[in-house]
Amino acid sequence: MRNGSSRSERNYRRLLGLFPRAILRVYGEEMVSLFRELGQDARNRGVRHKWLFLCRAYWDLVTSALRAHFFEKAPNSLRNTKPKYRGKARSMITWKHDVAVAIRVLPQNKAFAGFAVITMALGIGANTAIFSAVYGVLLRPLGIEDPPSLAVVRLHRQGNEEDVSGVYGDYLRDLTDRLESSSAVERLTSYVYESITLTRDGEVDEIDTALMVAGNFFEVMGVEPILGRTFLPEDVLPNRRGTVCVISETLWRGRFGSDANIVGSTLILDDESVNVVGVMPAHLPLPDTDVQIWMPQSWDPDDPTLRGRILSLARLRADADLHEAGAIFAAAARDLANVHPRFEDYTIALQSFRETLVGDARPPLMLSTVAVGLILLIACANTANLLLARAAVRAREMATRRALGARRSHVISQLIAESLTLATPGGVLGALMAFGLHRSLLAVAPSYMPRIHDVRLDLPILAFAAVLSILAGILFSLAPIVHTFSVDLIRQMSGGSGSGGGVGQRPPRLSRVLVVLQLALAVSLLVGALLMAKSLWNLQSVDPGFRIAGLGAARIYLDDKEYGDDGAEETYFRTLLERLRARGDIESAGASSGLPMDPITIDYDLPYTLPGEERARSEVRQSFFRTITPGYIETMGIPLLAGRTLDQYDRADTQPVALVNATFARLAWPDRNPVGERFLIYDGRRELLVVGVVGDVHFSGPAATYKPEFFLPHPQAAYSAMTVVTRSADAASGARAIAEEALALNRRQPVSGHFTLEALAAAAISTDRFLTRLLIAFAGVALVLSAVGIYGVVSYWVNRSRRELGVRMAFGASRGHVLRLVMGRALSLSALGVFLGLLASFVLTRFLARFLFGVGTIDAGTLVSVVLCLGATAVIACLIPGLRAARLDPMSSLRVE
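If you're wondering where the values come from, they're calculated on a predicted model, not measured in any experiment. (Residues numbered from 1 in each chain as written. Predicted model: local features only at pLDDT ≥ 70, side-chain atom pairs only at ≥ 80, totals over all residues. Heavy atoms only, no water.)

### Some thoughts on the overall build of the protein
Selection criterion: Helix and strand definitions follow DSSP, with helices as H or I runs of at least four residues and strands as E runs of at least two, each counted in order from the N terminus. A 1.4 Å probe rolled over the protein chains alone gives each residue an accessible area, and that area as a share of the maximum for its type sets the label: buried under 20%, exposed over 50%, partly exposed in between. The criterion used for residue contact is that any of the two residues' heavy atoms lie within 4.5 Å. Here the Shrake-Rupley method, with its probe set to 1.4 Å, supplies the accessible areas, and only the displayed protein chains count as covering residues.
The number of helices and strands found in the protein is 26 helices and 22 strands. In the protein, which comprises 897 residues, the share counted as buried stands at 53%. Pairs at least 24 apart in sequence give 81% of the contacts found in the protein among residues at least 6 apart. Of the roughly 40600 Å² of accessible surface on the protein, a fraction of 57% belongs to carbon and sulfur atoms.

### A short note on the pairing of strand β20 (residues 709-713)
For a regular strand, side-chain orientation follows a simple rule: the groups alternate between the two sheet faces. Heads up, the rule is: Only strands that DSSP links by at least two bridges are regarded as paired with each other.
Counting buried residues in β20 gives 5 out of 5 residues, a clear majority hidden from the surface. Side chains Glu709, Phe711 and Pro713 of β20 all project onto a buried face; the interleaved residues Phe710 and Leu712 project onto the opposite face, where all are buried too. In terms of strand pairing, strand β15 (residues 621-628) meets β20 through 5 bridges, oriented parallel. The partner of Ile628 across the bridge, within β20, is Pro713. Alignment of strand β17 (residues 657-661) against β20, held across 2 bridges, turns out to be antiparallel. Paired with Val660 across the two strands is Phe710, which belongs to β20.

### Focus on the packing of aromatic side chains
To be explicit about the condition: For Phe, Tyr and Trp, rings pair up if their centres lie within 6.5 Å, where Trp contributes its six-membered ring, and each pair is then called stacked (planes under 30 degrees apart), edge-to-face (over 60) or tilted (otherwise).
Applying the stated criterion across every chain, the model contains 20 aromatic pairs. Between Tyr168 and Phe343, the ring centres sit 5.5 Å apart and the planes meet at 85°, which makes this aromatic pair edge-to-face. Here the residue Tyr168 occupies a position in the loop between β2 (164-165) and α6 (169-179), and Phe343 occupies one in the loop between α9 (322-336) and β11 (346-352), the gap between them amounting to 175 residues. No difference in accessibility class separates Tyr168 from Phe343, as the two residues are buried.

### What about the environment of Phe329?
The residue Phe329 is located in helix α9 in this model. Measuring from C-alpha to C-alpha, the distance between Phe329 and Thr347 comes to 8.3 Å, with 18 residues separating the pair along the chain. Not counting residues up to four positions away in its chain, the partners in contact with Phe329 are Val153, Leu175, Leu179, Val185, Leu188, Ala314, Ile348 and Leu350.

### Digging into the environment of Gly792
Structurally, Gly792 can be placed in helix α22 (residues 766-800). Considering only alpha carbons, one finds Gly792 and Cys878, 86 residues apart in sequence, at a separation of 8.7 Å.

### A word on the side chain of Thr119
In this fold, Thr119 is placed in helix α5 (residues 110-139). Setting aside residues no more than four positions away along its own chain, Thr119 makes contact with Ala379, Asn382, Thr383 and Leu785.

### Some remarks on the nonpolar core
Condition: The criterion is simple. A nonpolar core is a set of buried Ala, Val, Leu, Ile, Met, Phe, Trp, Tyr and Cys residues joined through side-chain atoms within 4.5 Å.
Residues Phe217, Phe218, Met221, Leu286 and Trp294 are the most contacted members of the largest nonpolar core, which totals 111 residues. Here this core gets 15 residues from one element, more than from any other, and that element is α22. In contact with Phe218, not counting residues within four places along its chain, are Val223, Thr230, Phe231, Val246, Met280, Leu286 and Trp294. Counting 45 residues, the second largest nonpolar core, distinct from the first, contains Leu172, Phe256, Leu269 and Ala333.

### Quick notes on the packing of α5 against helix α13 (residues 408-444)
To keep it simple, the criterion reads: Lines fitted to the C-alpha atoms define the axes, with helices restricted to the stretch that makes contact. Angles between their N-to-C directions range from 0 to 180 degrees. Oblique is the label for every angle not falling under 35 degrees (roughly parallel), over 145 degrees (roughly antiparallel), or within 65 to 115 degrees (roughly perpendicular). For any pair of crossing helices, the crossing counts as left-handed if the nearer helix is rotated counterclockwise from the farther one by less than a right angle, and right-handed if it is rotated clockwise. Under the grouping applied here, Gly and all other residues not named as nonpolar or charged are polar, the nonpolar ones being Ala, Val, Leu, Ile, Met, Phe, Trp, Tyr, Cys and Pro and the charged ones Asp, Glu, Lys and Arg.
Relative to each other, α5 and α13 sit at 45°, their axes nearing to 6 Å. Here α5 is positioned oblique relative to α13, judged by the angle of their axes. Our pair here, α5 against α13, has a crossing hand that is right-handed. Class assignment of the residues belonging to the contact of α5 with α13 gives a composition of 19 nonpolar, 7 polar and no charged.

### As for a nonpolar patch on the surface
Cut-off, in case you're wondering: Each patch is assembled from residues with relative accessible area greater than 30% and no salt bridge, linking like charges that lie within 9 Å and nonpolar side chains (Val, Leu, Ile, Met, Phe, Trp, Tyr) that lie within 5 Å. The rule for a salt bridge is simple: a side-chain nitrogen of Lys or Arg has to be within 4 Å of a carboxyl oxygen of Asp or Glu.
Judged by side-chain polarity, Ile118, Val428, Leu429, Leu432, Phe435 and Leu462 come together as a nonpolar surface patch covering roughly 520 Å² of accessible area. Phe435 gets classed as partly exposed once you look at its relative accessible area, which sits at 34%.

### Considerations on the pairing of strand β6 (residues 244-248)
Counted residue by residue, β6 has 5 buried out of 5 residues, so it is predominantly covered. Where burial is concerned, the two faces of β6 agree: the one with Val244, Val246 and Ser248 and the one with Cys245 and Ile247 are both buried. As judged from the 5 bridges shared by β6 and strand β8 (residues 272-280), these two strands associate in the parallel manner. Across the sheet, residue Val246 finds its bridge partner in β8, namely Gly278.

### What to know about the environment of Leu785
Mapped onto the elements, Leu785 comes out in helix α22. Residue classification places Leu785 among the buried residues on the basis of a relative accessible area of 4%. The spacing of Leu785 and Ala522 is 263 residues in sequence and 8.7 Å in space, taken between C-alpha atoms. In this structure, Leu785 is in contact with Thr119, Ile378, Ala379, Asn382 and Gln518, ignoring residues within four places of it in sequence.

### So, the confidence of the model for the protein
Short version of the rule: The pLDDT value expresses, per residue, how confident the predictor is, ranging between 0 and 100.
The predicted model of the protein has a mean per-residue pLDDT of 84, with 88% of residues at 70 or higher. Here residues 73-93 is modelled with pLDDT under 50, and outside its nearest four sequence neighbours on either side it reaches 31 contacts, counting other chains as well. Counting contacts from residues 496-505, a segment whose pLDDT is below 50, to residues more than four positions away or on other chains yields 26 contacts.

### Considerations on the pattern of salt bridges
On inspection of all chains with the given rule, the structure shows 32 salt bridges. For Asp454, the salt bridge is made with Arg451, and the minimal N-O distance between the two is 3.0 Å. The two residues Asp454 and Arg451 agree in class, both being buried. Residue Asp598 pairs with Arg555 through a salt bridge whose shortest N-O separation is 2.8 Å. Taken together, the positions of Asp598 in the loop between β13 (588-592) and β14 (605-608) and Arg555 in strand β12 (residues 551-557) put the pair 43 residues apart, joining distant regions of the chain. Of the two residues, Asp598 and Arg555, neither departs from the other in class, the shared state being buried. Put simply, Arg140, Arg451, Asp454, Arg456 and Asp458 are held in one network by salt bridges that share partners.

### Some points on the side chain of Ser190
Along the chain, the position of Ser190 falls in strand β3 (residues 185-200). Once residues within four sequence positions are removed from consideration, Ser190 is found in contact with Leu172, Met212, Val213, Ala214, Phe217, Trp299, Ile310, Leu311 and Ser312.

### Considerations on helix α20 (residues 731-745)
Put simply, the rule is: How far a helix is expected to stretch is found by multiplying one less than its residue total by 1.5 Å.
Over its 15 residues, α20 runs 21 Å from end to end, which matches the ideal 21 Å to within 8%, given 1.5 Å per residue. On its buried side, α20 packs onto β12, α17 (566-581), β21 (721-727) and β22 (753-756).

### Section: the packing of helix α16 (residues 509-541) against α22
Close contact between α16 and α22 brings their axes to 8 Å; oriented N to C, the two are set at 155°. Relative to α22, the element α16 lies roughly antiparallel. You can see that α16 and α22 cross each other, and the crossing is left-handed. Of the residues contributing to the contact of α16 with α22, the split by class is 20 nonpolar, 7 polar and 2 charged.

This is the structure:
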């Protein structure tokens, strides 16, 4: 055996003479040593492996020597000097060849390639799906002219930006006059939301997304119809609605079957003939995406139905700044306070139209983007760790290439080509996964997310996936590049594939850093997910103040022409409620001008005073109010705390009375029983007698604080827009019953829409549920990827340490000792990652603070749960390679190298 070895080695030394002398002087002995070591390993495996090794070694040596003579002539080439042949595109391997080699080599290890591709597909697919929502809601063009110069005019109470009011017709007229010559404002327009009835083929539908607009509305918005025209000056009639309309593309396609002759046709709207003059593109924010019909109207200052309802938009000049224009509007509001005393406590602010449209959606989408970005980082770290392990196995290959004259740029090019070869199928698979994730994302998105129709997978989104794949490929290629050039060339050529310093030789430092990074990111995601889950649980556990189960509801907007006085409105709702109570499937029924958790409800508030109380205007008490019918409190299940509720004896010709909630009572009369007390509204013009106190209700959602509220009987404060509620065994059937009875009472007065209170309650926390589901899914993926990362680095260490482990076991080390040795090293690495992750979570969870309810950003129970979860995951991940190490046969381990 020894003689055979000597002949093979002598033949190898003779063939080494083919190399340039400069290379032989530096690397000759290392190459012989490498040949001797690999030859010994081949002979141990059998005669067949021996001859295969000799043939391959001689062939590689001859071809390498020829390449060395062709490309490199001097010793300085070993020090990465510039190539001698500048005219050639590449001195050793072209980029095309690098990619071809990568495509040919990577599939040889199918498990490695498959896992790397799937890992990257998870990261890229999740990021693409989230980016589709971010782009659709926040970045996709609005479809209107110059969105940055369009601003929303917000009239709000001084010191309280949430207390927003519409304006009166005369106030808007004076405001427009003052701003006509402004250096910042080009034009103003205005609009009012209305509900109108559409009669077609004997069927009547209520359209509650109609807009009455000023004649210049579409001109200010900067949009063109897809059919017909917009409004002309002659379409605007003095102090009333016009007799023309523009409809949306959605209404045109849905209700009218894309009738090509729709322009010029006549619709019956609120029992009046109206001509269709144009069709607007679908999903444009005019001013939101749900408007179905636009009609021109000039504002009658004496029309009481318009008071406080007119909303405004401003088109700023091209060179105007939003803050500068806002100061001009605020100054105009101060001037108008003397002319319109009712608004002396108000000011005007401007807000970007885009920000008004999507502002509420921005925080959850940005948080989701950060979370899914962490997933991509974990995926890149995991893939980089795989490439590091592969780079360690290929250390001799890379060293040989460098020894034969390969420049640093050539090696880097090859490693990047291999990484991109992995990232490309990962990106393709990720884009395919994004289609499924996109549908799931839309299914769990908040019910009222703006611009949801603009969230789709199209060319910009696919381009994002492609760019992300390339960047990810370059990112995780850095790990093997750093490893390849951080190890001494002679050490790489002299070390065996399975060599290592035993247990004293740890995995590469960069590999350990990547595992710690994965664990730290996973901890941060898991902490955020558990905090959101706990917050959602707290929200769902909040007592809303009424009994949700069994409640069905429907909105009804009475036609002002048919029900134009208080008596007619009161009679309609009283009759409708009597019909509902007479049904056997309805337990009780009532109506209110505002329903808890209903996003369409307009929240009105009024200043009030107590008799004999003197306060400065800035200290005037404010309270929200509702108009309700008898039976509403009982139907909703709101508890009566003192006195009585409103009943049929509270008529228009009796003593004005009110119910107050517990918060109102506590603030107004903290030291006495409020029943029998009085307070004044409408600047003291109406005095109300408190006849009862009811429990507080979370009107704006479970996370909202209690507000002072009072309730007026409908006969004494008639209102044409009411929401009727019923209590029955089946909430949905109760809601349908309202629609049926409304049509039976007056077929020209349908309901606007019916729903259940359970659906409203679910919608009120839809954003929290959306974020919680996303973060839990992301945390789960991060946990799995981190577990795989731990498993990979421990397996790498065990494989590299087989000889030393065999020596330890040969000298008496027990299997338990080996298992503890492996587990101890892995768990110490995991403990560092968990510790750093907890530190990072203290910072990152601050971004969650605005979404949390009933739980702080630092929650001891959550942190303990995360530590236990990650600890269990780490134990399971390193237990498999640990058991494999404990089962090693000492003799076979010693023969490995």
